[in-house]
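So you can see what is in the structure, the chains are spelled out below.
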Amino acid sequence: MNRTTLSLITCTVALAAVTGFAAFDPPAPPGTDAAGSATERPVERTGLLCPAPSFSDIADTAYTSFTPVTQGADSGGKAALEAAAEQSADGGKGGKGAAKKDKAVLTPKPPGTPAVGDTSGSDTPALIGTADGKYAPGWTVQETTRIAAGTGSGLQGVTCTPADTDFWFPGASTAKGRTDYVHLTNPDDGAAVVDIKLYGKSGAVKTTVTDGITVPPHSSEPVLLSTLTDDAQTDLTVHVGVRSGRVGATVQAQDDAGGGDWLPAAADPAGSLVLPGIPKDATDVRLVAFTPGDDDADLKVRLASPDGSITPAGNETVHVKAGMTSAVDLGPVTRGEPGSLLLTPTDKAVPVVAALRVVRGKGSAQETAYIPATAPVGRRATAADNSAKGTTLSLTAPTATATVKVTASAGSGGGSPATKTYTVKGGTSQDISAPTGGKGTYALTVEPVSGGPVYAARMLTGSSDGVPGFTIQTLPSDRGLVAVPRAEQDLSVLQR
């Protein structure tokens, strides 16, 4: 093997070990060898994007940063969150904007220790975060906002995400009483051009923007969906496609009467989907689904409960017409027990995207959250901003029994990590009492040990004036490890 070949292999390994803003395929399940000839390395660089939290003057936002301890990670490095330039909130095509020079909301701490910070008011900008070295593997930032009154009042939470080029958001709306924004954040040095397409119950919805929306470098732009069309639709699927560059995209769905929350992008279109973490006291659950292909999809609907999978009465299947958004009202489907929704093809597998709108409480004392279909945990998932009394962790094993290790980090106020191992039977969903070993805010890491795939979600709760504020985040892979192909060579050639 000559030096040129060795150099190419070295470059391949180095590039594969760096991740961040780019899309990332999760590692193979525990106990397997990814692609048959790969090893796993901690990532060396990670990027995260946090949307501007609120337009309300009475909003209070908490940020929590956490990097889990990862064996084999570099010993040096740093992490930082910087303000993005602000753009208009009227759905325009972008302006020059001006980056805020305020002090960072928090300074990330070394692996194993959460860092917290907070802001208040409507002028908190979107954030662009980068981490390298020991800070990068699994770096997670949570943004949690409390709004005391008005549109979107209650608890809103979102996990900051990497940039990408393609996003699906089933569950948005332009109906009266809804105020839904798509937040677009560009972390790069060049402008990004973004196309936003809307799909309703009858198919594609005509929009007013035909030549794309430009998001300037290092800036963020909120686009109000109702400014893109005159067609009021209760259930919409939003597709964000990036024509050039990359962005972070998240939908903020707010209701005048029922609170609101962030609607993160759903998992990529697939024939089978898992939507984990429906609360046991949910008073109304609405499924919104869309198939982007040319074929209709017929899906079996099952609820994974603590005692096994059941079929909701009257909603055994759902038919999703090609190119059209379908919605099914499942009502109080969990009926006092926590659950996760499982969607599988009745016959032919057709790729689908889906999300749930979940309501707790009734009348004026109700709040809303969203659960998109999500990817499995993979090697490890991480959730920041947990508390001893306000956190519920949901684990789902849709196909086979799984053993899962859950670790609570040291808290923001001190203490020690604590770990417990749980068994989740195949076809069930379990709410668990997560271990706690620290004081104050702590992080959770979820690591499957054996068995089938595991899906997870975390609910945060916090009531205010009788309104059951809550927010739910799904827990796919934290992207802390990347599969790197092994370089096989005959070392004897080096002796020639």
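The numbering scheme is per chain: residues are counted from 1 as the chain's sequence reads. Given that the model is predicted, a residue must reach a pLDDT of at least 70 before its local features are reported, and side-chain atom pairs must reach 80 or more before they are shown or counted; all residues, however, enter totals for whole chains, interfaces and linings. As a rule here, side-chain values cover all heavy atoms of the structure and leave hydrogens and water aside.

Enquirer: Tell me about the overall build of the protein, and please be specific about residues and values.
Expert: Only DSSP runs of H or I covering at least 4 residues are called helices, and only runs of E covering at least 2 are called strands; the numbering of each starts at the N terminus. Counting secondary structure elements, the protein contains 1 helix and 37 strands. When burial is assessed residue by residue, the protein has 54% of its 496 residues classed as buried. For this analysis, residues touch if any pair of their heavy atoms sits within 4.5 Å. Partitioning the intrachain contacts of the protein with sequence separation of at least 6 by distance along the chain shows that 82% fall at a separation of at least 24. With an accessible surface of roughly 20,200 Å², the protein has 49% of that area assigned to carbon and sulfur atoms. Any residue under 20% of the maximum accessible area for its type is buried, any over 50% is exposed, and the rest in between are partly exposed; the area is computed with a 1.4 Å probe on protein chains only. Each accessible area value is a Shrake-Rupley result obtained with a 1.4 Å probe; residue values ignore everything except the protein chains displayed when judging cover.

Enquirer: How would you sum up unusual backbone geometry? Please name residues and give values.
Expert: One non-glycine residue with positive phi stands out, namely arginine 335, at about 50°. Of note, arginine 335 is situated in the loop between strand E25 (325-331) and strand E26 (339-345).

Enquirer: Pulling in residues and values, what's your account of the nonpolar core?
Expert: Judged by nonpolar contacts, the single largest core of 30 residues is most densely connected at Leu275, Ile278, Leu287, Leu341, Leu343 and Leu356. Excluding its chain neighbours within four sequence positions, the residues that come into contact with leucine 343 are Gly271, Ser272, Leu273, Leu275, Leu287, Leu299, Lys300, Val301 and Ala354. Membership of the second largest hydrophobic core comes to 27 residues, among which are Ile213, Leu225, Val238 and Val242. In this text, buried Ala, Val, Leu, Ile, Met, Phe, Trp, Tyr and Cys residues form a nonpolar core when linked through side-chain atoms within 4.5 Å.

Enquirer: If you had to explain the sheet that holds strand E21 (residues 282-290) to someone new, which residues and values would you point to?
Expert: Strand order across the open sheet formed by 4 strands is E25-E21-E27-E28, with antiparallel pairing between neighbours. One side of each edge strand has no neighbouring strand; the edge strands of this open sheet are E25 and strand E28 (365-372). Each adjacent strand pair in this sheet contributes to an overall mean axis angle of 20°, direction not counted. When DSSP finds at least two bridges between two strands, those strands are taken to pair. Bridge count for E21 against E25 is 6 bridges, and the pairing is antiparallel. By the bridge assignment, phenylalanine 290 is partnered in E25 with threonine 325. Every angle, taken between N-to-C directions, lies between 0 and 180 degrees, and every axis is a line fitted to C-alpha atoms, over only the stretch in contact when it is a helix.

Enquirer: Lay out the packing of aromatic side chains with the relevant residues and their values.
Expert: Under the pairing criterion, centres of Phe, Tyr and Trp rings, with the six-membered ring standing for Trp, must be within 6.5 Å; the plane angle then separates stacked pairs below 30 degrees from edge-to-face pairs above 60, leaving the rest tilted. Throughout the structure, instances matching the rule amount to 5 aromatic pairs. A centroid spacing of 4.7 Å and a plane angle of 55° characterise the contact between phenylalanine 55 and tyrosine 181, whose relative ring orientation is tilted. Of this pair, phenylalanine 55 sits in the loop between strand E2 (45-50) and strand E3 (59-66) while tyrosine 181 sits in strand E12 (residues 178-186), placing them 126 residues apart in sequence. Ring pairing ties together the aromatic residues Trp168, Tyr199 and Phe290, which thus form one cluster. Any Lys NZ or Arg CZ that is within 6 Å of a ring centre and within 35 degrees of that ring's normal is treated as a charge sitting over the ring. Taking NZ or CZ as reference, arginine 360 lies 5.0 Å from the ring centre of phenylalanine 470, over its face.

Enquirer: Break down the pattern of salt bridges for me, citing the residues and quoting the values.
Expert: Criterion for a salt bridge: a side-chain nitrogen of Lys or Arg within 4 Å of a carboxyl oxygen of Asp or Glu. Going through the model one piece at a time under the given rule, you end up with 10 salt bridges. Note that aspartate 188 is salt-bridged to arginine 246, the shortest N-O span being 2.7 Å. Here aspartate 188 is found in the loop between E12 and strand E13 (192-200), whereas its partner arginine 246 is found in the loop between strand E17 (236-244) and strand E18 (248-255), with 58 residues between them in sequence. Of the charged contacts, one joins lysine 405 and glutamate 447 as a salt bridge, the two residues approaching to 3.7 Å between their closest N and O atoms. With lysine 405 in strand E31 (residues 402-408) and glutamate 447 in strand E34 (residues 442-451), this pair connects stretches of sequence that are 42 residues apart. Accessibility expressed as a relative area gives 32% for lysine 405, which makes it partly exposed. We classify glutamate 447 as partly exposed; its relative accessible area is 23%.

Enquirer: Describe the state of the cysteines, with residues and values.
Expert: The rule for a disulfide is simple: a pair of cysteine sulfur atoms within 2.5 Å. Counted under the stated rule, the structure contains 1 disulfide. At a sulfur-sulfur separation of 2.0 Å, the disulfide partner of cysteine 50 is cysteine 160. For the disulfide bridge between cysteine 50 and cysteine 160, the dihedral angle about the S-S bond is near 110°, and by the sign convention the bridge is right-handed. With a gap of 110 residues between them, cysteine 50 in strand E2 and cysteine 160 in the loop between strand E10 (154-159) and strand E11 (166-172) connect regions that are remote in the sequence. Here the two residues cysteine 50 and cysteine 160 agree in accessibility, since each one is buried.

Enquirer: With reference to specific residues and values, describe empty space enclosed by the protein.
Expert: With a 1 Å grid spanning the protein atoms alone, the term cavity applies to any set of points in which a 1.4 Å probe fits but cannot get out, the term pocket to an open set with protein on both sides within 12 Å along at least five of seven lines, and the term lining residue to any residue with an atom within 4 Å of a point. Grid points are joined across faces, edges and corners, and a volume is the space filled by probe spheres set on the points. Per the counting criterion, the structure on display carries 1 cavity of 30 Å³ or more. Reported here for the largest cavity is a volume of approximately 40 Å³. Considering the residues around the largest cavity, the lining is formed by Leu49, Cys50, Pro51, Thr161, His183, Thr185, Gly248, Ala249 and Thr250. When residues of the lining of the largest cavity are traced back to their parent elements, those giving at least two are E2, E12 and E18. A per-element tally of the lining of the largest cavity places E18 first, with 3 residues. Throughout this entry, Asp, Glu, Lys and Arg are counted as charged residues, while Ala, Val, Leu, Ile, Met, Phe, Trp, Tyr, Cys and Pro are counted as nonpolar. The remaining residues, Gly among them, count as polar. Of the residues in the lining of the largest cavity, the class split is 4 nonpolar, 5 polar and no charged.

Enquirer: Account for the confidence of the model for the protein, naming residues and giving values.
Expert: Known as pLDDT, the predictor's confidence for each residue is given on a scale from 0 to 100. When pLDDT is averaged along the protein, the result is 88; 86% of the residues meet or exceed 70. Note that pLDDT drops below 50 for residues 1-35; the model gives that stretch 67 contacts with residues more than four away or on any other chain. Taken together, the stretch residues 89-101 has pLDDT below 50 and engages in 37 contacts with residues farther than four places along the chain or on a different chain.

Enquirer: Explain the pairing of strand E24 (residues 317-320) residue by residue, including any values.
Expert: Burial along E24 is one-sided: the face carrying Val318 and Val320 is buried and the face carrying Thr317 and His319 is not. Where strand E22 (residues 297-305) and E24 come together, 4 bridges link them in antiparallel fashion. Within E24, the position partnered with lysine 300 by the bridge is threonine 317.

Enquirer: Give me the lowdown on the sheet that holds E10, citing residues and values where you can.
Expert: The 4 strands lie next to each other as E7-E3-E9-E10, forming an open sheet whose pairing is antiparallel. Taken across any chain shown, the strands that pair with only one partner, and hence form the sheet edges, are strand E7 (115-120) and E10. With strand direction ignored, the average angle separating the axes of adjacent strands in the sheet is 15°. In this structure, strand E9 (residues 140-147) lies alongside E10, joined through 6 bridges in antiparallel fashion. Of the residues in E10, the one forming a bridge with glutamate 143 is valine 158.

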